[in-house]
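# Chain and residue survey
Given next are the chains, with one letter for each unit.
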Amino acid sequence: MFRRPPAGGRAAARGLAFLPRSWVQLAFGLLLGLVLGVGSGLWATAQELPARQQLIPNPQQFRALEQPSSALSALRAEQLAAEANAAIQAQNYDRAIELLQQVFNAYNQRSNYHQDLSRAFAGIQNRISEEQRELARVAAQARDQAAYDLAVVYRAAGRPEEAVGWLIQVIKSQTPTRELGTQAYQQLLEIGFVSTPFP
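Conventions used here
Residues numbered from 1 in each chain as written. Predicted model: local features only at pLDDT ≥ 70, side-chain atom pairs only at ≥ 80, totals over all residues. Heavy atoms only, no water. Core = buried A, V, L, I, M, F, W, Y, C linked by side-chain atoms within 4.5 Å. Buried < 20%, exposed > 50% of the residue type's maximum accessible area, 1.4 Å probe, protein only. Helix = DSSP H or I, 4+ residues; strand = E, 2+ residues; numbered from the N terminus. Contact = heavy atoms within 4.5 Å. Phe/Tyr/Trp six-rings, centres within 6.5 Å; stacked < 30°, edge-to-face > 60°.

### Brief notes about the nonpolar core
If you look at the biggest cluster of nonpolar residues, it comprises 30 residues, and the most contacted ones within it are Y148, L150, Y154, W166, L167, V170 and A184. Contributions of two or more residues to this core are made by α3 (74-89), α4 (93-121), α5 (126-156), α6 (163-174) and α7 (179-191). Contact partners of L150, with chain neighbours within four places excluded, come to I97, L100, Q101 and W166.

### Section: the packing of aromatic side chains
The full count for this structure, using the stated rule, is two aromatic pairs. Ring geometry for F104 versus W166: centroids 4.9 Å apart, planes at 85 degrees, classification edge-to-face. Of this pair, F104 sits in helix α4 while W166 is found in helix α6, placing the two residues 62 residues apart along the sequence. Just as F104 is buried, W166 falls in that class too. Taking the centre distance of 6.1 Å and the plane angle of 70 degrees together, the rings of Y185 and F198 count as edge-to-face. Taken together, the residues Y185 in helix α7 and F198 in the segment after α7 connect sequence positions 13 residues apart. With a relative accessible area of 36%, F198 lands in the partly exposed category.

Laid out in structure tokens, this is it:
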């Protein structure tokens, strides 16, 4: 037996049938644009990922700061120190001073960075904190040696007044009772900046 559809259903069908085609097309276009817009955004993001991954160093550049080409590399600082020693032997004091200042700066920066890391991990991960403190100490020792060598070269170059600041830097860092600090004070005594010997 055939049943008539409810009157409300016929009215709704007639309403859709009489909806202007331009409005339907507009709604469809907006929906399509939204879908395509989101999809293109996701596609663009996916395309960017390989480009970003290219910024990551390749395996040959792994641990790049340990390579001699890095300004923060201990190997680089050691090479500079060796070049400075060669310049001293050749009595090229200006070159030796330039190189030793670079050595000082490199070790000073390393020491400061390791010290900052040690403080950051103190009470959180003591093993890392202790390791960083030791690395800071080793770098500081090398830095102070470079400062002492600079002072000696300034003396050799006939510029003792420029040695004073470096020698005091060594004494402050090492304390007068440690070997390098005692030697630095002796240098100050020899150039006449202090008058009382330190046993």
